[in-house]
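Residues per chain, in single letters:
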Amino acid sequence: MNYYSLNKISASATFEEATVKGQAPDKGLYFPESIPALSKDFITNIQSYSKEEIGFTVMKPFVGGSIPDDVLQHIVNETINFDFPLVKVSDTIYSLELFHGPTLAFKDVGARFMSRCLGYFNRNKNQKTTVLVATSGDTGGAVANGFLGVEGVDVIILYPSKKVSPVQELQLTTLGKNITAIEITGSFDDCQSIVKQAFADAELNNKYSLTSANSINVARWLPQQLYYFYAYQQWQQEKPPIISVPSGNFGNICAGILANISGLPVKHFIAACNANDVVPEFLKTGNYQPKQSIATISNAMDVGNPSNFIRILELFHQKTDDLKSQLSSVSIDDVTTEETIKDIFKKYNYVLDPHGAVAYYALKEYMEWDNNEFDNSTLPKPAGIFLETAHPVKFPEIVEAVTAQKIEAPESVEYLFDRKKLSIEMQPSFAAFKEWMMSKNV
Ligand SMILES: *Cc1c(COP(=O)(O)O)cnc(C)c1O
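Residues numbered from 1 in each chain as written. Predicted model: local features only at pLDDT ≥ 70, side-chain atom pairs only at ≥ 80, totals over all residues. Heavy atoms only, no water.

A. Representation of the sheet that holds strand 1 (residues 2-5) in the model. Strands sit in the order 2-1-3 across an open sheet of three strands; the sheet is antiparallel. The open sheet is flanked by strand 2 (13-14) and strand 3 (30-32), the only strands paired with a single partner. Of the pairings in the sheet, the one linking strand 1 to strand 3 comprises three bridges and is antiparallel in character. Of the residues in strand 3, the one forming a bridge with Y3 is P32. (Pairing = 2+ DSSP bridges. Helix = DSSP H or I, 4+ residues; strand = E, 2+ residues; numbered from the N terminus.)

B. Main features of the UniProt feature "modified residue: N6-(pyridoxal phosphate)lysine" (unreviewed entry) in the chain. Residues given the UniProt feature "modified residue: N6-(pyridoxal phosphate)lysine" (unreviewed entry) here are K107. When sequence neighbours within four positions are dropped, the list of residues in contact with K107 reads D138, T139, A142, R220 and Y227. (UniProt positions renumbered as here; feature names shortened; annotations may be inferred. Contact = heavy atoms within 4.5 Å.)

C. Looking closely at the site of the ligand. Every one of the 15 residues lining the ligand counts as a neighbour, but K107, G248, N249, F250 and T389 are closest to it. In this structure, G251 approaches the ligand through a main-chain N or O atom, which is 3.2 Å from an oxygen atom. Protein coverage of the free-state accessible area of the ligand, which is 380 Å², stands at 97%. Each residue belonging to the shell around the ligand can be placed in one class, and the counts come to six nonpolar, seven polar and two charged. (Near = heavy atom within 4 Å. Polar contact = N/O pair within 3.5 Å; in protein donor to acceptor, adjacent residues only side chain to side chain. Areas by Shrake-Rupley, 256 points an atom, 1.4 Å probe, with all protein chains shown as cover. Nonpolar A, V, L, I, M, F, W, Y, C, P; charged D, E, K, R; others polar.)

D. Up close: the domain arrangement of the chain. Split by domain assignment, the chain resolves into domain 1 (15-25 + 59-76 + 107-214 + 418-439) and domain 2 (82-105 + 221-413). A straight line from the C-alpha centre of domain 1 to that of domain 2 covers 25 Å. At the junction of the two partners, domain 1 supplies 24 residues and domain 2 supplies 28 residues. Interface area for domain 1 against domain 2, summed over the two sides, is near 2300 Å², with a carbon-plus-sulfur share of 56%. Joining domain 1 to domain 2, the criterion identifies zero salt bridges. Between the two partners, domain 1 and domain 2, sit eight residue pairs in polar contact (both at pLDDT 80 or more). Every element with two or more residues in the side of domain 1 that touches domain 2 is listed here: helix 3 (51-63), helix 5 (107-121), helix 6 (138-147), helix 7 (166-173) and helix 8 (188-200). Among the elements that take part in the side of domain 1 that touches domain 2, helix 5 stands out by supplying six residues, more than any other. Each residue belonging to the side of domain 1 that touches domain 2 can be placed in one class, and the counts come to ten nonpolar, eight polar and six charged. (Domains from an automatic or database assignment. Buried area = accessible area lost by both parts, 1.4 Å probe. Salt bridge = Lys/Arg side-chain N within 4 Å of Asp/Glu carboxyl O.)

E. Examining the packing of helix 4 (residues 69-79) against helix 5 more closely. Between helix 4 and helix 5, the least distance of the axes is 9 Å, while the angle of their chain directions is 145°. For the pair helix 4 and helix 5, the sense of crossing is right-handed. Between helix 4 and helix 5, the contacting residues are V71, L72, I75, V76, E78 and T79 on the first element and V109, R112, F113, R116, C117 and Y120 on the second. Residue classes in the contact of helix 4 with helix 5 are distributed as eight nonpolar, one polar and three charged. (Axes fitted to C-alpha atoms, helices over the stretch in contact; angles between N-to-C directions. Left-handed = near helix turned anticlockwise from the far one by under 90°.)

See below:
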């Protein structure tokens, strides 16, 4: 598979080139030249395949030519060596729990896949690769964990000071080794802007072999498709599900739509946003207007200019009407999010995290509308899935206050509380970051 740049100036790239570069030289996002069509047989019989077989079958067309089959199978097996349970919350609503990985966030899959691909591509090189990543919370921990100890790769993480939760901060500042955390006294957008400028800076690119681990990297973006196949594998209903995805940079939902276009049955997608409502506004008004990000209690979605939305437009050949028939998007405020956590705990004894709560509420609202719209009692009621993208323990102040329950940390993160935070504090200025990078020993 080759990948073209969405800016259409740079030459197309192999999977290896696209992964190593992150972004095309013309600053466009890489996009697959064709969308694979999965066989009907594979979809119909998906229950008879193992997680590992599904992972290999889905990823192979995207990676083919860059990684031999046996290595790819090995990378897939390591990437997905935990559970992705579909848990029933109510009669018509299911939670796809994506927080059973090492950092309790769905980003583990993308980060684990990408780090292992980069490790493979670097196997015979002398120059180190430096992964630069901006995080609004969960990316940092997943990337740090995914890359920890990978030979030939250094990781530099920029995160907004005081805007990530205590568990999130520990996950990205306590690993040491090849992982460095930079604490920016500003917003996530500041972090992302510094990273973007770094990629465009000639001197930095001369000194370092830089790559990104944000969801613009194809090796992080594409494996997220697997969640949707694992959800469908566990889906017992007659009709395809409506799927609601808590969205910030829109990488996860874009991967879901890609899976759908490849043949995975999905009735409709909902991009559930918090107060950062660029996409809901676009679908309403036709006007795409990036904004400053607003801080919310679902902070991993505090994104004012979602980088992957352009890929969704490309999936629909820039036809907004086609897009609207398959994708809705809504903005849910913090008060509603908290009330949802409280209600669902009371009604169903299920503890949502703030991101999952945004997605749950958006799904419920859509299903009520859908029921009224197509009121025909002889048909089975539509059922839906929301993606629960983080463990509630990552947001203890909110979840504990709202549910009046102590949220126990799984053993996999208990050890963090005894570790010492190590970060480098920095102004939100590219000049300051560049000076630090230029004075650093490689
Ligand atoms: C990153 C993240 C999101 C948003 O995912 P995108 O792919 O950026 O849309 C949602 N929830 C959690 C917990 C996250 O970490």
